[in-house]
Every structure is written in C-alpha cells, then in structure tokens.
Amino acid sequence: MKSKEPNAFRSIIAHLVLIILSLMCLFFFYILVINATRSHADLQKGFSALPGKYFFENLKKVANDGTFPMFRGIFNSLIVSGCSAALCTYFSSLTAYGIYVYDFKLKKIAFTFIMAILVMPTQVTAMGFLRLITNMGMYDSLLPLIIPSIASPSVFYFMYSYIQSSLPVSLVEAARIDGSGEFRTFNQIVIPIMKPAIAVQAIFAFVGSWNNYFVPALVIQSKDKATVPILIATLRGADYMNFDSAKIYMMIMVAIVPIVMIYLLLSKYIIAGVTLGGVKE
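Residues numbered from 1 in each chain as written. Predicted model: local features only at pLDDT ≥ 70, side-chain atom pairs only at ≥ 80, totals over all residues. Heavy atoms only, no water.

1. Quick word on the overall build of the protein
Then step 1. On a plain count of helices and strands, the protein comes out with 14 helices and zero strands.
Then step 2. For the protein, the C-alpha radius of gyration of 24 Å lies well beyond 19 Å, the compact-globule estimate for 281 residues.
Then step 3. Seen along its three principal axes, the alpha-carbon backbone of the protein occupies a region of about 75 × 70 × 30 Å.
Then step 4. Counting the 281 residues in the protein, one finds 36% classified as buried.
Then step 5. Intrachain contacts of the protein at a sequence separation of at least 6 include 75% that bridge at least 24 residues.
Then step 6. About 17200 Å² of surface is accessible on the protein, with carbon and sulfur atoms providing 69% of the total. (Helix = DSSP H or I, 4+ residues; strand = E, 2+ residues; numbered from the N terminus. Rg over C-alpha atoms; globule rule 2.2 N^0.38 Å. Buried < 20%, exposed > 50% of the residue type's maximum accessible area, 1.4 Å probe, protein only. Contact = heavy atoms within 4.5 Å. Areas by Shrake-Rupley, 256 points an atom, 1.4 Å probe, with all protein chains shown as cover.)

Right, here's the structure in full:
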C-alpha cells in the first residue's frame with residue numbers, strides 16, 4: 001500500500017498541472033469569444049469575463065459589410081490552405097519515400113540540398129519570387145500561394161524521420177516482387193503507414209497557410225481574392241483612428257473555426273500515431 005501512495009500522489013499532481021496548463025491555453029480563446037460578443041464601446045471600457053449581448057449584431061456587421069467580403073475571404077483561405085496542405089504532405093511524403101528507398105549517387109547531396117533550403121528565410125527570396133510570378137502572369141491570383149507548397153523542406157524532414165522508423169525496406173521489396181508498381185506501392189502501402197505523420201503535418205501546413213500574411217500581401221491586390229489575414233488587417237487599418245474593434249474580434253473568431261474543425265477531424269490520427277508501429281525487420 002505504501003508503494004502505491006507516492007504513485008497516486010504523483011498522478012494527482014500531474015493531472016493538476018495538466019488542468020492548469022489547459023486552462024491557461026484556453027483562457028485567451030475564451031477572452032476572444034467574450035470580446036466578440038461585446039460592442040466597441042464596451043471593449044473600450046476594459047476587460048470583462050462575462051459575455052455581452054452583441055454577438056449576432058457583430059456577426060451581421062462583418063457579414064453584411066459591402067466593403068468587406070468575409071465569406072469570399074474565408075472561401076479563398078479554405079482553397080489555399082486545403083490545397084497547400086494536400087500538396088505539401090503528399091509530395092513531401094513522396095520525396096521522403098524516394099530518398100529513403102532508392103540508392104543513387106547523389107542521394108546524400110540531394111538530402112543536404114533540401115536541408116540547406118530549410119534555413120533560408122522566405123523574406124530573402126520574396127522579391128525574386130514576386131518578379132518570377134509577375135513574369136509568369138500569376139500576379140494577383142491564388143496560384144502563387146498554392147504551388148510553392150509542393151516544396152516544403154521542413155515537412156520533408158519530418159516525413160523522412162518518420163518513414164525511417166516506420167517503414168522497413170523489406171516491405172517495399174516484397175510489394176515489388178508481387179508486381180506492384182512504385183506509385184501503387186506508395187499510395188496503397190506507404191501512405192496508410194504514414195497517416196499519423198501526414199495528419200500532423202497537414203494540420204501544421206493548413207494552419208501555417210491559413211495564418212500566412214506576408215506572401216498574400218505581396219501577391220494579392222483584388223479584394224475578391226484576399227485571404228482572411230489580409231481582410232483582418234484591412235479591418236484594422238481602414239481607419240486607424242475610427243475602427244470597430246468588435247468587428248475585428250468577431251472576424252478573428254470566425255477565422256479560427258475552420259482551424260478547430262480541421263484539428264478535430266485529424267486528431268484521431270495524431271493519437272493513433274502514439275501506438276502505430278511499422279513491420280519490423
């Protein structure tokens with residue numbers, strides 16, 4: 001009985017710490033929801049832990065603002081983020097699979113080159129990227145926000161590390177002996193094994209693309225092609241001395257809903273990743 005008491009005490013402490021950390025993480029989200037229910041005048045009075053009565057009024061202001069295409073912006077962000085997440089995870093997994101499974105002379109050089117790109121910030125190549133897409137006729141379109149996501153060194157490295165621990169080469173060789181083609185092997189054997197890693201990176205890629213402001217601000221000029229971060233910045237910067245903070249909080253809250261939904265849809269794969277293991281050699 002004495003040996004069980006310290007373990008029970010540690011379990012209680014661990015649960016208390018986790019509860020406190022969870023409350024701290026959810027506190028800011030709670031304040032966002034509360035502020036979205038208050039009016040601009042109430043927000044100027046200071047902090048309040050109680051919800052207001054202006055939730056639907058603020059939502060109507062944002063949705064019915066003729067100079068602010070909220071639904072179009074959400075649709076644009078969903079298209080960009082969804083396509084970016086799909087392309088990013090699929091082609092990064094495919095690249096990691098190719099470098100892991102195949103043996104060729106430039107294998108180490110290719111891996112080092114991809115890792116070298118990882119440390120290069122986006123701002124360094126921004127002007128060259130802008131000139132390139134302008135010459136290609138893709139300026140003020142959503143394509144420059146989607147196509148570059150095919151090459152993601154950080155996602156590639158995560159997939160490569162995961163595939164090293166989860167995919168035995170013998171499994172691929174057995175599929176080849178059975179007459180399976182390379183793309184069929186990858187799509188029907190490798191991808192199911194990598195589902196937890198793909199789900200994790202899909203969430204990160206979706207959220208990163210959804211919150212991206214720098215590149216869309218360089219590329220997008222038309223309001224009907226603007227993404228959510230640009231629209232939020234437009235609300236804040238339309239009139240610096242006379243803006244409705246309630247509308248800003250409401251728009252931010254609306255912008256968070258798709259991210260929460262994506263996480264809830266893919267969270268089961270993340271949990272499954274804890275117990276998932278590949279066939280051992």
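2. Re the packing of helix H5 (residues 107-118) against helix H8 (residues 153-166)
Then step 1. Look at H5 against H8: their axes get within 8 Å of each other, and the N-to-C directions meet at 130°. The orientation of H5 relative to H8 falls into the category oblique. For the pair H5 and H8, contact is made by Phe111, Ile114, Met115, Ile117 and Leu118 and by Pro153, Ser154, Phe156, Tyr157 and Tyr160, respectively.
Then step 2. For the contact of H5 with H8, the residue count by class is nine nonpolar, one polar and no charged. (Axes fitted to C-alpha atoms, helices over the stretch in contact; angles between N-to-C directions. Parallel < 35°, antiparallel > 145°, perpendicular 65-115°, else oblique. Nonpolar A, V, L, I, M, F, W, Y, C, P; charged D, E, K, R; others polar.)

3. A closer look at a nonpolar patch on the surface
Then step 1. On the surface, Phe9, Ile12, Ile13, Leu16, Val17, Leu18, Ile19, Ile20, Leu21, Leu23 and Met24 cluster together to form a nonpolar patch covering roughly 1100 Å² of accessible area.
Then step 2. Note that valine 17 resides in helix H1 (residues 4-36). (Patch = residues over 30% accessible without salt bridge, like charges linked within 9 Å, V, L, I, M, F, W, Y side chains within 5 Å. Salt bridge = Lys/Arg side-chain N within 4 Å of Asp/Glu carboxyl O.)

4. Description of the packing of aromatic side chains
Then step 1. Applying the stated criterion to the full structure yields 10 aromatic pairs.
Then step 2. Taking 5.7 Å as the distance between ring centres and 75° as the angle between the ring planes, the aromatic pair formed by phenylalanine 27 and phenylalanine 28 counts as edge-to-face.
Then step 3. Note on phenylalanine 27: relative accessible area 40%, which makes it partly exposed.
Then step 4. A relative accessible area of 62% places phenylalanine 28 in the exposed class.
Then step 5. Residues tyrosine 90 and phenylalanine 186 carry aromatic rings whose centres are separated by 5.5 Å and whose planes lie at 75° to one another, so their mutual orientation is edge-to-face. Here tyrosine 90, found in helix H4 (residues 70-101), pairs with phenylalanine 186, found in helix H10 (residues 182-193); they are 96 residues apart in sequence, far enough to count as distant.
Then step 6. Owing to a relative accessible area of 28%, tyrosine 90 belongs among the partly exposed residues under this scheme.
Then step 7. The buried category is assigned to phenylalanine 186, whose relative accessible area is 0%.
Then step 8. One aromatic cluster in this structure is built from Tyr90, Phe91, Tyr97 and Phe186. (Phe/Tyr/Trp six-rings, centres within 6.5 Å; stacked < 30°, edge-to-face > 60°.)

5. Regarding the side chain of serine 93
Then step 1. As for its position among the elements, serine 93 is in helix H4.
Then step 2. When neighbours within four sequence positions are excluded, serine 93 is seen to be in contact with Met159, Phe186, Met194 and Ile198.

6. Brief notes about the nonpolar core
Then step 1. By size, the foremost hydrophobic cluster in this structure holds 56 residues, and its most contacted members are Tyr97, Leu167 and Met251.
Then step 2. Element by element, the count of residues in this core is highest for H4, at 10 residues.
Then step 3. Excluding residues within four positions of it along the chain, methionine 251 makes contact with Val62, Phe68, Met70, Ile74, Val228, Ile232 and Leu235. (Core = buried A, V, L, I, M, F, W, Y, C linked by side-chain atoms within 4.5 Å.)

7. What about the confidence of the model for the protein?
Then step 1. When pLDDT is averaged along the protein, the result is 83; 90% of the residues meet or exceed 70.
Then step 2. Below pLDDT 50 for its whole length, residues 276-281 participates in 10 contacts with residues either more than four positions away or in separate chains. (pLDDT = per-residue confidence, 0-100.)

8. Here we look at the pattern of salt bridges
Then step 1. This model, assessed by the stated rule, comprises four salt bridges.
Then step 2. Put simply, aspartate 42 and lysine 45 hold a salt bridge, and the shortest N to O gap is 3.8 Å. You can see aspartate 42 and its partner lysine 45 sitting in helix H2 (residues 40-45), three residues apart, about one turn around the helix.
Then step 3. Accessibility expressed as a relative area gives 69% for lysine 45, which makes it exposed.
Then step 4. Put simply, aspartate 103 and lysine 107 hold a salt bridge, and the shortest N to O gap is 3.2 Å.
Then step 5. Lysine 107 gets classed as buried once you look at its relative accessible area, which sits at 19%.

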